[in-house]
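# Residue-level structural notes
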Amino acid sequence: MKLGEDRLGETEAPDAAVWARERLGFEADENQRELLSAGGHRVIVNCTRQWGKSTVAAAKAVHHAFFRAGSTILVLSPAGRQSGEFVRKAEDFVRALGIEPKGDGNNDMSIELPNRSRIIGLPGVERTIRGFSAVSLMMIDEASRVEDELYYAVMPMLAVGNGDLWMMSTPRGKRGFFHRTWSETSGRWKKMTVQATDCPRISPDFLEEQRELMDEAFFRQEFLCEFVDVEHGLFDGDSLAAAVNPSATRLWR
C-alpha cells in the first residue's frame, strides 16, 4: 500500500516496534519495544538519561504520521533547539522509508509526508505556540523541564480530535505538571519507569563512576528516576507540601 493511500486507523496499523525495526532500521531494546507496541492514549515515561527516549518517541511520531493520513503531531521541548533535534531524528526515519523530508511551508521545524501528515517541533515559547487545532498526537520531550505555562497552553489543542498525549522525561524534583501527572492515581495514564540499570547500553562501571562523582540525590534523580529534592534549601518539598492546608480561606483574590 502506498503512502497517502492507506485508510488504516491506529488500531489497524502494524505493531509499531516491529514496523520500526523492519522499515526504519530501529532496533529497540526491551523497554522501548514494550512502549512502542503497547501504545496508549495517555502515556508518561519516567526514564534515565541516555535511554534513547527522543529516538523512540521519534519512531512513534513517524509511525503515527504514516498510518494516519492528514494527522498533526506536535513535539514540545523546553527549548527550540531540543525540538529541532527531535525533528531531525524523525527526518532520518522518514528517509529510511524512501521519502525525502520536506517542511510544511509554515513552520521552521516541520516535516510533511505525502499523505499530508505533519510532524512539527514547537519552539518552547508560550506566546508563539498557539494556533494549532485537532492535534492527533502531542509529544512532550524532557517534560519535567517544560514550564507549566507551556503545558497549559498546548492542552486545548488536543480537545477537538481527542488526541493522544505522550510525555517522557527524567525527573526534576517534586514540582511541575510532570511530577503531578506521575503522582496521579486515577488510572488514566499508562506509566513506565526505565532506570539506568534497565538500559543495556549503560554499563555498571559507568554508573558506579557517576555515583562516586555526583551528589547522591542528583545521581538518584538522573539515573534511578527518583523524584528527589536536589537543590539546597531550608525545607524539602515534602515538608513544604505537608505545611499547606488546602481548606484554608484565601486572604486575597
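This section reports on the structure supplied with the text. For clarity, every value in this text was computed on a predicted model and none was experimentally measured. (Residues numbered from 1 in each chain as written. Predicted model: local features only at pLDDT ≥ 70, side-chain atom pairs only at ≥ 80, totals over all residues. Heavy atoms only, no water.)

This part takes up the pairing of strand β4 (residues 118-121). Successive side chains on a regular strand alternate, one facing one side of the sheet and the next facing the other. Side chains R118 and I120 project from β4 onto one buried face, and the interleaved I119 and G121 project onto a second face that is buried too. Bridge count between strand β2 (residues 72-76) and β4: four bridges; the pairing is parallel. If you follow T72 over to β4, its bridge partner there is R118. Bridge count for strand β3 (residues 110-112) against β4 is three bridges, and the pairing is antiparallel. Residue pairing across strands places S110 opposite I120, the latter belonging to β4. (Buried < 20%, exposed > 50% of the residue type's maximum accessible area, 1.4 Å probe, protein only. Helix = DSSP H or I, 4+ residues; strand = E, 2+ residues; numbered from the N terminus. Pairing = 2+ DSSP bridges.)

Let's shift gears to the nonpolar core. Ranked by internal contacts, the top residues of the largest apolar core, which has 48 residues, are L35, W51, V62 and I119. For this core, the leading source of residues is helix α3 (residues 53-67), giving nine residues. Ignoring anything within four residues of it in the chain, the contact list for W51 reads D29, N31, Q32, L35, V45, V56, M168, V194, C199 and R201. L76, I129, L158 and F227 belong to the second-largest nonpolar core, a separate cluster that totals 25 residues. (Core = buried A, V, L, I, M, F, W, Y, C linked by side-chain atoms within 4.5 Å. Contact = heavy atoms within 4.5 Å.)

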